[in-house]
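# Structural characterization, general
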There are 2 protein chains.
Amino acid sequence: MTTTPSETRESEHPVLSRRERTRAATIEEIKETALRLMHEQGTTDLRFSDIAREMGMTAPALYRYFADRDELLTALIADAYDDLAVAVEEARSQVPVEDPTGRWHAVSQAYRAWASREPQQFALIFGMPVPGYVAPDAGPTTEACRRAIGALKALFFEAMAQGVLGRPLIREVGESFATALQEDHDAKHADEPVIEPETFQSMLQCWASLHGFTSLEAYGHLQFLPEEARDTLFEANVRLTAITAGLPLPADPSKQE
Amino acid sequence: MTTTPSETRESEHPVLSRRERTRAATIEEIKETALRLMHEQGTTDLRFSDIAREMGMTAPALYRYFADRDELLTALIADAYDDLAVAVEEARSQVPVEDPTGRWHAVSQAYRAWASREPQQFALIFGMPVPGYVAPDAGPTTEACRRAIGALKALFFEAMAQGVLGRPLIREVGESFATALQEDHDAKHADEPVIEPETFQSMLQCWASLHGFTSLEAYGHLQFLPEEARDTLFEANVRLTAITAGLPLPADPSKQE
DNA sequence: TCGTGTTTGTTATGACGCATAACTTCATCG
DNA sequence: CGATGAAGTTATGCGTCATAACAAACACGA
């Protein structure tokens with residue numbers, strides 16, 4: 001990792017020349033315009049000509065900022081990962097740490113709401129590779145995948161640390177699963193507490209269930225249900241996963257919904 | 001496999017002139033070539049020029065068979081729905097009806113295996129609309145969605161008919177959910193037995209969980225786990241959903257995996 | 001203040017894919 | 001056998017990606 005040669009993300013502004021600032025602003029405007037167009041057209045497709053026209057420029061000018069379409073797409077994907085991670089993390093922090101189940105609700109709702117609000121960005125992250133786009137390498141995908149479930153992990157850590165995390169419904173864990181978890185822990189989170197394999201497994205199942213509902217809904221495959229029915233289905237899903245994962249029942253029932 | 005030569009749908013017309021037969025064969029070859037190219041390139045993208053060259057033709061010739069790219073794409077999507085429905089239905093029928101949980105296992109594995117084997121077709125069905133493609137109308141999507149869960153429905157019907165279907169973990173059902181179910185029943189399956197709202201809800205959650213795992217894996221977002229770990233995670237997921245849905249525990253434990 | 005080199009934009013151009021039009025070939029059927 | 005029409009071709013127009021060549025604006029030191 002740490003490659004990203006063209007990446008000049010959120011570096012501090014120690015010495016930000018005027019030119020660098022306007023350039024960064026233009027890059028930002030390009031990405032925003034691209035997102036807006038994707039949103040309007042309802043696809044993950046993007047045309048340099050459209051973006052340029054929308055900005056009052058000509059298409060070749062964009063090549064001063066992005067080497068090709070793939071590079072712009074890569075930047076958009078990275079931003080989407082950021083967006084989702086921020087949304088989820090912020091939702092988590094809004095609920096007191098003493099209520100892990102409440103945090104799970106908040107995280108789930110944020111995940112679903114973000115996907116419904118920005119289905120194109122959701123598709124950029126979790127969908128099939130966009131035609132013509134090849135991931136720089138295996139890095140960003142798996143990395144961002146880890147970030148996406150980072151809030152989930154933290155949530156289970158907290159519950160475990162408080163001793164309120166029950167045992168999940170499914171406790172048998174494949175041995176390769178345990179070793180994979182061990183490697184993951186050694187590689188990236190050596191300072192964090194160890195997580196039980198069975199907890200990790202049930203966490204992934206929470207994620208899978210949440211993601212399944214979310215992607216089905218985001219892509220319109222649940223439209224045979226009215227929105228209200230989808231809401232109750234989602235709510236039930238969240239409660240169900242909380243139970244199966246051993247998350248404690250919320251002490252105050254009025255805080256539901 | 002998955003070729004299903006000549007006729008999959010309209011076996012109604014036995015009298016086919018020679019011309020009509022060769023035409024149908026060409027259409028079939030076009031679709032197969034398109035699928036093969038998508039599979040080779042790993043995207044849902046397709047170029048008429050590539051298909052034609054692969055078939056020893058020129059691109060404009062394809063317009064004798066498909067009005068435009070969208071029409072070919074639509075045909076491929078319809079075929080993909082067929083393929084998935086057939087695969088799932090056949091897996092279901094391989095397990096005796098007295099074992100609903102076994103059938104759930106079979107259906108789940110077929111769903112997952114099909115998605116892993118044909119991620120492009122999976123993406124065609126369940127992914128974001130392909131750039132440039134607009135669904136003819138809301139019809140095929142929701143219709144095919146119903147077909148995809150047809151086997152699931154049947155499975156729960158059978159369990160219910162045998163009286164072996166327990167109550168799901170989550171029993172509260174939103175009222176709009178119940179009405180939506182009622183409409184669905186009235187509209188399309190008036191001859192089938194009535195399904196309990198809570199059963200329908202837990203069935204949808206089974207599907208969401210299965211779909212979540214499947215799509216995450218098919219798009220490579222679980223590659224941080226070795227294949228063996230994914231297998232055990234999947235197996236656990238299927239067992240978990242069976243329990244939460246009230247499906248009976250299999251009588252013979254040796255049949256597990 | 002001016003001059004030089006960089007940055008940022010433009011127009012011009014080439015390659016490619018979708019799609020249509022016009023033409024050619026050939027099988028089918030009266 | 002000959003008319004008909006289906007199936008294939010080449011030729012063409014349009015739009016997009018991408019590069020090249022050129023022009024204007026800007027930064028900055030002498």
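Residues numbered from 1 in each chain as written. Chains lettered and ligands numbered in written order. Predicted model: local features only at pLDDT ≥ 70, side-chain atom pairs only at ≥ 80, totals over all residues. Heavy atoms only, no water.

Counting residues at the interface gives 51 residues for chain A, matched by 51 residues for chain B. Buried area between chain A and chain B, both sides added, is near 4,700 Å², and the carbon and sulfur share of it is 75%. There are two salt bridges connecting chain A and chain B. Summed over the shared surface of chain A and chain B, the result is eight residue pairs in polar contact (both at pLDDT 80 or more). Of all the elements, helix H9 (residues 197–218) of chain A adds the most residues to the side of chain A that touches chain B, at 12 residues. Residue composition of the side of chain A that touches chain B, grouped by class: 28 nonpolar, 18 polar and five charged. (Contact = heavy atoms within 4.5 Å. Buried area = accessible area lost by both parts, 1.4 Å probe. Salt bridge = Lys/Arg side-chain N within 4 Å of Asp/Glu carboxyl O. Polar contact = N/O pair within 3.5 Å; in protein donor to acceptor, adjacent residues only side chain to side chain. Helix = DSSP H or I, 4+ residues; strand = E, 2+ residues; numbered from the N terminus. Nonpolar A, V, L, I, M, F, W, Y, C, P; charged D, E, K, R; others polar.)

Around DNA strand C sit 20 residues, and of these Arg 23, Thr 58, Arg 64 and Tyr 65 of chain A together with Arg 18 of chain B come closest. Counting only atoms of DNA strand C within 4 Å of the protein, the fraction found in sugar and phosphate groups is 66%. Here Ser 49 of chain B contributes a side-chain N or O atom positioned 3.2 Å from a phosphate oxygen of DNA strand C. The contact in question runs from a phosphate oxygen of DNA strand C to an N or O atom on the side chain of Tyr 63 of chain B, over 3.2 Å. Taken together, the elements giving at least two residues each to the surface near DNA strand C come down to helix H1 (18–41) of chain A together with helix H1 (18–41) and helix H2 (48–54) of chain B. Partitioning the surface near DNA strand C into residue classes produces nine nonpolar, two polar and nine charged. (Near = heavy atom within 4 Å.)

Glancing now at the relation of the copies chain A and chain B. Superposing chain A onto chain B requires a rotation of 180 degrees together with a translation of 0.0 Å along the rotation axis, leaving an RMSD of 0.1 Å. In short, the pair behaves as if placed about a two-fold rotation axis. Interface residue correspondence from chain A to chain B reaches 100%, placing this contact among same-surface, isologous pairings. (Least-squares fit on C-alpha atoms with pLDDT ≥ 70 in both.)

To continue, consider the pattern of salt bridges. Enumeration according to the criterion identifies 30 salt bridges over all chains in this entry. One salt bridge connects Arg 112 of chain A with Glu 217 of chain A, and the closest N-O pair in it is separated by 2.8 Å. Note that Arg 112 of chain A is positioned in helix H4 (residues 100–117) and Glu 217 of chain A in helix H9, a separation of 105 residues in sequence. A relative accessible area of 13% means that Arg 112 of chain A is categorised as buried. Looking at Glu 217 of chain A, the relative accessible area reads 12%, which means it is buried. The partner of Arg 103 of chain B in a salt bridge is Glu 158 of chain B, and the shortest N-O contact between them spans 2.8 Å. A residue pair is termed long-range when its members are at least 10 positions apart, and Arg 103 of chain B in helix H4 (residues 100–117) and Glu 158 of chain B in helix H7 (residues 150–161) qualify at 55 residues. Shared partners join several salt bridges into a network, and the residues in it are Asp 45, Arg 47, Asp 50 and Arg 53 of chain A. (Buried < 20%, exposed > 50% of the residue type's maximum accessible area, 1.4 Å probe, protein only.)

Residue and element names in this part refer to chain A. Applying the stated criterion to the full structure yields 16 aromatic pairs over all chains. Between Phe 48 and Tyr 63, the aromatic rings sit 5.0 Å apart at their centres with planes inclined by 55 degrees, giving tilted as the arrangement. One end of the pair, Phe 48, is in helix H2 (residues 48–55); the other, Tyr 63, is in the loop between H2 and helix H3 (69–93), with 15 residues separating them in the sequence. By relative accessible area, which is 46% here, Tyr 63 ends up partly exposed. Each ring, one from Tyr 111 and one from Phe 126, has its centre 6.2 Å from the other, and the planes form 45 degrees; the classification is tilted. (Phe/Tyr/Trp six-rings, centres within 6.5 Å; stacked < 30°, edge-to-face > 60°.)

None of this, on its own, says anything about what the molecule does.
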